[in-house]
Amino acid sequence: MEKLYDVIILGAGPAGLAAAIYAGRSKLSVLLIEKGVDGGQISATDSIENYPGQMIEDETGVSLSSRMGLQADKFGVERVRDSIHKVELEQDIKVFEGDKAVYRARYAIIATGAHPRPIGCENEETYRGQGISYCATCDANFFTGLDVYVAGGGDAAVEEAIYLTRFAKKVTIIHRRDQLRAAKIIQERAFANPKIDFIWDSIIESANGKGILQGLTIKNVKTGQRTEIEADPADGMIGLFGFVGNQPNTVMFQGILELDERGYIKTDEEMHTNIEGVFAAGDVRQKSVRQVITAAADGAIAAVHVSEKFI
């Protein structure tokens, strides 16, 4: 007979790992399912500086998530690498069908995270973490004194561009239209900032460089004209931040869990979803701040409330 776990946690990013630590420490039988590497989005981060208690020097997404994983192992959390393609969550026993096996539990914590919508330029994956970023509050400090470019024209893009001016030598917003989509008050702040320039009616066609991001090829969508942007030789690199939106990893839950208009899972403050016994934590849920620390907090909260069911 297949094992019935107390809780299955889907996703081993910071939310899922924190949930596993808390649930395991509460002596629950825990299965943590992850299809890829531990850490989720932070696994692609070369340096972390703002997680409380981290190593002061040389902390990476991989090293931080690795230690979280070791903590989960210490508390008896079982692990499996599998890709889940179907879930049954409405009944008392929650069922997860994967490529390798079928897994069952009394409770479920969904921590599948989200992924940045790609900028869509050539070589984007090559320079991810080597000049291309999707989080200004996470990575702005690494671009201190450099020229930085921002792809996008909505609220997030313009607000993050303003934030980046605290660090960068100059910030240039590249937008495919001839006007921003951001709220007027945000636009006014950007236009009034002397460190922000704009390139209108343009897209980033390719990212270029040797090992690190050193240039961009920009295409005007109206004229077709291409422009080459190159790093200042004294700097040796530039930064490119993509803010064209995030995509939650919730396709599998459509029609099962209640999602908002952007596809994020709706929860209350205790991480309950609309289905009894099913919780969601981290970047996959509807929330305003998406950082490693808030994801870990979500996971801890979800696991604590699952643990209370067994008292």
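Rules and cut-offs
Residues numbered from 1 in each chain as written. Predicted model: local features only at pLDDT ≥ 70, side-chain atom pairs only at ≥ 80, totals over all residues. Heavy atoms only, no water. Phe/Tyr/Trp six-rings, centres within 6.5 Å; stacked < 30°, edge-to-face > 60°. Helix = DSSP H or I, 4+ residues; strand = E, 2+ residues; numbered from the N terminus. Buried < 20%, exposed > 50% of the residue type's maximum accessible area, 1.4 Å probe, protein only. Pairing = 2+ DSSP bridges. Axes fitted to C-alpha atoms, helices over the stretch in contact; angles between N-to-C directions.

(A) Local environment of the packing of aromatic side chains. Counting across every chain of the model gives six aromatic pairs. Pairing F143 with F241 gives two aromatic rings, centres 5.2 Å apart and planes at 70°, and the pair type is edge-to-face. Placement of the pair is F143 in the loop between α3 (136-139) and β9 (147-151) and F241 in strand β15 (residues 239-242), with a sequence separation of 98 residues. Taken individually, F143 and F241 each receive the classification buried, so the pair is uniform in this respect. With centroids separated by 6.0 Å and ring planes inclined at 10°, the aromatic side chains of F241 and F243 adopt a geometry described as stacked. Like F243, F241 is buried.

(B) Representation of unusual backbone geometry within the structure. Backbone geometry places K27, a non-glycine residue, at a positive phi of 70°. For D201, which is not glycine, the phi dihedral falls at a positive 55°. Its location among the elements puts D201 in the loop between β11 (196-199) and β12 (202-208). Looking at D201, the relative accessible area reads 13%, which means it is buried.

(C) The arrangement of the sheet that holds strand β13 (residues 215-220) in detail. Ordered in space as β12-β13-β14, the three strands form an open sheet in which the pairing is antiparallel. Two strands bound the open sheet, and with one partner strand each, they are β12 and β14 (226-230). When strand polarity is set aside, the average angle formed by the axes of neighbouring strands in this sheet is 25°. Here β13 pairs with β14 via five bridges, running antiparallel.

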